[in-house]
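# Per-entry structural report
If you want the building blocks of each chain, they are given just below.
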Amino acid sequence: CLNCWHDLDNTEYDCWPINNPNDYNMISCGGLEMSWVQRPPEKVTNGEEFNVSYTVTASDSFYEYAIRNKIFQFSDASEAKRFCHEHECPANWNNANEMNCCVYHANIHSCPLGLMKQGGICGPWIPDDGKIVTHTVSKAGKMSQKYWTSKVVLIHVGVTSVIAHIKIGQMHAALESKVLVVSAQVCGDDVCELEENCLNCPADCGICPMSIAIKVAIGLPVTLFSSGFILTMVWLQYQKQKMFWDESWIINYKNIIFGRMCWMGIGSITSLQRGKSNSTISQTTDLTVCTGVNNSFKQGFIQPAIYDGRTVAVKHIQKKHFALSKTIRKEVKEVRQLDHPNLCKFIGGSIEVPYVSIITEHCPKGSLSDVLLNDDIPINWGFRLSFATDIARGMCYLHQHKMFHGRLHSRNCVIDDRWVCKISDYGLTAYRKEDFEAVSNGFNCGDVNRVYCAPEVLLGSSSNMTPAADVYSYSMILVEIATRSDLISVSIATEGVRMDIMWRPPLPELKAGKADTDCPSQGDYSELIKKCWSHNFTMRPTFEQVKKMLDKMNPHKVSPVDMMMNLMEKYSKHLEAIVAERTQDLLQEKQKTDRLLYSMLPKPVADDLRQGRTAEAQSFSNATVYFSDIVGFTQLSGASTPHQVVDFLNQLYTTFDDIIDNYDVYKVETIGDAYMVVSGVPKENGINHAGEIASMALDLVSVCHNFKIPHKPNTQLKIRAGIHSGPVVAGVVGTKMPRYCLFGDTVNTASRMESTSEGNEGLDTLPLIQLITCESRGVPVPVSD
């Protein structure tokens, strides 16, 4: 209902002022909401009765909005809310008005859209044709009433808006839903009734004629599809012709940068190097230096170069004349359309005499023959079967495109940097015609490639450009892969046999096992070779069949890259184990270092210094300091060697160190024969410091009676000891070999007590130490003691 008021803002309910409602003076409902509980059905028969139910709710904001906009004649929102929720309406709705009832009018009416000829609002008013439309009995009630329900009967056929209309104060509100009303007449009685038409009863009134819109909707896609198909076919044909005459593949020879080469075999190289060729139009480039300079272009050899910023392979063809004929254009177009991961990609060519050449993708690992004959490269059977499968896939792709190689051997199968074997030197028969004639004297079976030529080709009964001839050549490559040998050298060494068309190289002797160096299926591999070199060319398998046989031999096939990744993963795990082991060793060494450091400095102080923080001096209000030295140490040292003195002091103080571990004390330092210990520093221990030091001193004095000087066993060891309690200051002194030192009168007094005391003759010092111990523990001691 495009012109109806209830669709103007795309909501199901809207609000108007009570006076002169029209299409242009809608107002905000201000928090008043209406919603269907039981929505009118989407489709009913005219005269059919149905029920509808809806709710009317108002939020607190609505009453504030109603007061502001004078919808209610109250002074504040709370009075309006109380009126709507608590005030009872008259029993007869005819007596209800805005002064004595909140919702003083509520009913359902309908608006057939067919009657809205002039537009305008479709509400609780008479439509523009003057006809009265169905209304239900009106109701009145409070806002707190939960459901409003009415029975509705629709008469007019067509789309009708069913509207739930209420009046509240000075505001209309209406909730709308559309219903399709269909005729109750019986369709199918062969009589087109008044209410029936071609839309609702085609059986009686006939099928409606197809509209122009439907015809366009059907015809336009068909026309577009047909036009698109025709244009696609024209475009494809144009592309074929465009590629045929396209000369973007022609490369200017001056733009090719040549360098030095490393020759690894007939017709193959392994890397691109730096240098100057004898060509006046060649250039130099910064590449790895290798031995030898390319002084001339050799027939059949592949020369690496740089073109357009990437490394390419250039094969020169000795042509005295070159004409870009339609045959050559067709060959180039066919080769350019080929795209397979096991084919060496054709990049372009030079047609400039005498520098006629073919430029292809460069594979840095060299030819398959180079890799097989290089004993420094370990090739397990996973790699070998991968190479054999790669060649079979590439040849299968060529044969599917009706292109045959005719000169397949291990030197024009090249290996890229991902160890994928690719076939090169295929196609372009007319382009490289002179190259064929120079190498093979008019045939492709000269002395060099004779072992790869099928018997029927040697006899001249068949061309070398056949699928069977390629399969025969492939059998020789399989032998080379298994034996890692050069069949050309083998055939030359076999004097008098190499010219016999029945000659075959010996089958490889393969081992069967689970090791990487063993063939996983030696019987099947040998059988495949015999099938491929069968004298009867009709018995030779296709490359599609060869692929299946190889897949059967290697069911757990892994690509060379994956095999290398597995090796790297094993190496990585080994490195992880080594790192973990070294890390554990490092942790152990760190623990040793920490123990040594913590034995020289208190742990908090050591941690601060290790982290670069300055260790601040600390004051301790209660601590006990112990000093001791050896009686007669000067005379003892004078009568002993330095080594004897060091050994004696080391044994004595090691014994002392073992004893003080049993007490809550901290060894400050030893200087010569002096031994200094403190309790209550750096960890405070309340009043226990004096008792700890006193008990320790008793043990130290006691152990001296039984200690034997190593080099003077008959001399009795005597020590002097001094103890004093009081406040001290502790801190680190110096940055080179820092020392944890104590300062204060307590330290000085303890030192004086030690220097003025007597040796431990007859345990003379024990009563004094015991006295200090008792006093420190709070035990009363008689003066006589």
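Residues numbered from 1 in each chain as written. Predicted model: local features only at pLDDT ≥ 70, side-chain atom pairs only at ≥ 80, totals over all residues. Heavy atoms only, no water.

An unreviewed UniProt entry lists the protein under the name Guanylate cyclase, with Seriola dumerili as the source organism. Looking at the Subcellular location (unreviewed entry) heading of the UniProt record, one finds this comment for the protein: "Photoreceptor outer segment membrane". Reading the Sequence similarities (unreviewed entry) entry of the UniProt record for the protein gives the comment "Belongs to the adenylyl cyclase class-4/guanylyl cyclase family." (UniProt positions renumbered as here; feature names shortened; annotations may be inferred.)

Broken down by element type, the protein carries 20 helices and 25 strands. For the protein, the proportion of its 785 residues judged to be buried stands at 43%. Excluding contacts between residues fewer than 6 apart, the proportion of contacts in the protein whose partners are at least 24 apart in sequence is 66%. Total accessible area computed for the protein in this model is approximately 42,100 Å², and 55% of it derives from carbon and sulfur atoms. (Helix = DSSP H or I, 4+ residues; strand = E, 2+ residues; numbered from the N terminus. Buried < 20%, exposed > 50% of the residue type's maximum accessible area, 1.4 Å probe, protein only. Contact = heavy atoms within 4.5 Å. Areas by Shrake-Rupley, 256 points an atom, 1.4 Å probe, with all protein chains shown as cover.)

Turning our eyes to something else, we now look at a nonpolar patch on the surface. A cluster of nonpolar side chains, Phe229, Ile230, Met233, Val234, Trp235, Leu236 and Tyr238, forms an exposed patch at the surface whose accessible area comes to about 760 Å². Position of phenylalanine 229 among the secondary structure elements: in helix α4 (residues 212-245). (Patch = residues over 30% accessible without salt bridge, like charges linked within 9 Å, V, L, I, M, F, W, Y side chains within 5 Å. Salt bridge = Lys/Arg side-chain N within 4 Å of Asp/Glu carboxyl O.)

With that settled, consider the UniProt feature "transmembrane region" (unreviewed entry) in the protein. Within this numbering scheme, the UniProt entry marks residues 212-236 as carrying the feature "transmembrane region" (unreviewed entry). Annotation note: span residues 212-236, helix share 100%, strand share 0%, distance between end C-alpha atoms 35 Å.

Here, the word disulfide means a covalent bond between the sulfur atoms of two cysteines. Per the counting criterion, the structure on display carries three disulfides. Across a sulfur-sulfur distance of 2.0 Å, cysteine 15 and cysteine 29 are joined as a disulfide pair. Here cysteine 15 and cysteine 29 share a disulfide; its torsion about the S-S bond, 110°, makes the bridge right-handed. With cysteine 15 in strand β1 (residues 13-17) and cysteine 29 in the loop between β1 and β2 (32-38), this pair connects stretches of sequence that are 14 residues apart. A residue is classified by how much of its surface remains accessible, and cysteine 15, at 1% relative accessible area, is buried. Using a relative accessible area of 12% as the deciding quantity, one classes cysteine 29 as buried. (Disulfide = S-S within 2.5 Å.)

Below, the discussion takes up the nonpolar core. Counting 64 residues, the largest nonpolar core has Leu368, Phe387, Ile391, Tyr431, Tyr474, Tyr525 and Leu550 as its most contacted members. With eleven residues, helix α7 (residues 381-400) is the largest single contributor of residues to this core. For phenylalanine 387, the residues in contact, after removing those within four places along its chain, are Leu368, Ile379, Ile415, Trp419, Cys421 and Ile481. (Core = buried A, V, L, I, M, F, W, Y, C linked by side-chain atoms within 4.5 Å.)

Let us look at the pairing of strand β20 (residues 666-671). Inspection of the sheet shows β20 paired to strand β21 (residues 674-679) by five bridges, in the antiparallel sense. What sits directly across from lysine 667, in β21, is valine 677. (Pairing = 2+ DSSP bridges.)

What follows deals with the sheet that holds strand β14 (residues 310-316). Spatially, five strands are ordered β10-β13-β14-β16-β15 in an open sheet, and the strand pairing comes out antiparallel. The open sheet has two edge strands, β10 (257-258) and β15 (346-350), and neither has a second partner. Summarising the sheet, β14 and strand β16 (residues 357-361) pair through five bridges and their orientation is antiparallel. Looking at the pairing, alanine 313 lines up with threonine 360 of β16.

Quick look at helix α5 (residues 326-337) now. Over its twelve residues, α5 extends 17 Å from the first C-alpha to the last, a length consistent with the 16 Å expected when each residue adds 1.5 Å. Within α5, burial applies to Ile328, Arg329, Glu331, Val332, Lys333 and Val335. (Expected span 1.5 Å × (residues − 1).)

The next thing to look at is the side chain of serine 679. Here serine 679 lies in strand β21. Polar side-chain contacts of serine 679 include one of 3.1 Å to the side chain of asparagine 685. In this structure serine 679 touches Ala623, Thr624, Asp664, Val665, Asn685, His689, Glu692 and Ile693, once residues within four positions along its chain are discounted. (Polar contact = N/O pair within 3.5 Å; in protein donor to acceptor, adjacent residues only side chain to side chain.)

It is worth spelling out the packing of helix α10 (residues 467-483) against helix α13 (residues 543-553) at this point. With their axes 11 Å apart at the nearest point, α10 and α13 run at an angle of 30° to one another. What the angle tells us is that α10 and α13 run roughly parallel. Side by side, α10 and α13 meet where Asp470, Val471 and Tyr474 of the first sit next to Phe543, Val546 and Leu550 of the second. Within the contact of α10 with α13, the residues separate by chemical class into five nonpolar, no polar and one charged. (Axes fitted to C-alpha atoms, helices over the stretch in contact; angles between N-to-C directions. Parallel < 35°, antiparallel > 145°, perpendicular 65-115°, else oblique. Nonpolar A, V, L, I, M, F, W, Y, C, P; charged D, E, K, R; others polar.)

The strands that make up a sheet pair up through hydrogen bonds in the backbone, lying either parallel or antiparallel. If you walk across this open sheet you meet the three strands as β2-β4-β7, and the pairing is antiparallel. Each edge of the sheet is formed by a strand with only one pairing partner; in this case those strands are β2 and β7 (148-153). Ignoring which end each strand starts from, the neighbouring axes of this sheet average 30° apart. Where β2 and strand β4 (residues 49-58) come together, six bridges link them in antiparallel fashion.

What follows deals with unusual backbone geometry. Note the cis peptide between valine 353 and proline 354, where omega equals 5°. Mapped onto the elements of the fold, proline 354 is located in the loop between β15 and β16. Of note, the bond from valine 681 into proline 682 is cis; its omega dihedral lies within 30 degrees of zero at -5°. Along the chain, proline 682 turns up in the loop between β21 and α18 (689-706).

Okay, the pattern of salt bridges next. In this structure the tally under the stated criterion is 17 salt bridges. The closest approach of N and O atoms between lysine 142 and glutamate 88, which form a salt bridge, is 3.2 Å. A residue pair is termed long-range when its members are at least 10 positions apart, and lysine 142 in the loop between β6 (139-141) and β7 and glutamate 88 in the loop between α2 (77-86) and β5 (103-112) qualify at 54 residues. Between lysine 422 and aspartate 416 there is a salt bridge, and its shortest N-O distance comes to 3.8 Å. Judged by relative accessible area, lysine 422 falls into the buried class, the value being 10%. A cluster of three or more residues bridged by salt bridges with shared partners is formed by Lys315, Arg407, Asp425 and Arg432.

What follows deals with the side chain of asparagine 107. Checked against the element boundaries, asparagine 107 lands in strand β5. A polar contact is formed between the side chain of asparagine 107 and the side chain of histidine 105, at a distance of 3.4 Å. What asparagine 107 contacts, discounting residues up to four positions off in sequence, is Tyr54, His135, Thr136, Val137, Ser138, Ile163, Ala164 and His165.

In this section: the confidence of the model for the protein. Averaged over every residue, the pLDDT of the protein is 79; residues scoring 70 or more account for 80%. Under a pLDDT of 50 for its full length, residues 261-299 has, in the predicted model, 110 contacts with residues more than four places off or in other chains. (pLDDT = per-residue confidence, 0-100.)

All right, on to the packing of α7 against α10 then. Packing of α7 against α10 brings their axes to within 11 Å, and their N-to-C directions diverge by 170°. Of the possible angle classes, the one that applies to α7 and α10 is roughly antiparallel. Contacts from Trp381, Arg384, Phe387, Ala388, Thr389, Ile391, Ala392, Met395 and His399 of α7 reach α10 at Pro467, Asp470, Tyr474, Ile477, Leu478, Ile481 and Ala482.

Assignment of secondary structure puts valine 44 in strand β3 (residues 43-45). A residue is classified by how much of its surface remains accessible, and valine 44, at 3% relative accessible area, is buried. On a C-alpha basis, the gap between valine 44 and isoleucine 155 in space is 9.9 Å, while along the polypeptide they are 111 residues apart. In this structure, valine 44 is in contact with Phe50, Leu154, Val179, Leu180, Val181 and Val182, ignoring residues within four places of it in sequence.

Let us look at α18. Here α18 spans 27 Å end to end across 18 residues, near enough to the 26 Å set by a 1.5 Å rise per residue. Of all the positions in α18, only His689, Ala690, Gly691, Ile693, Ala694, Ser695, Met696, Ala697, Leu700, Val701 and Cys704 are classed as buried.

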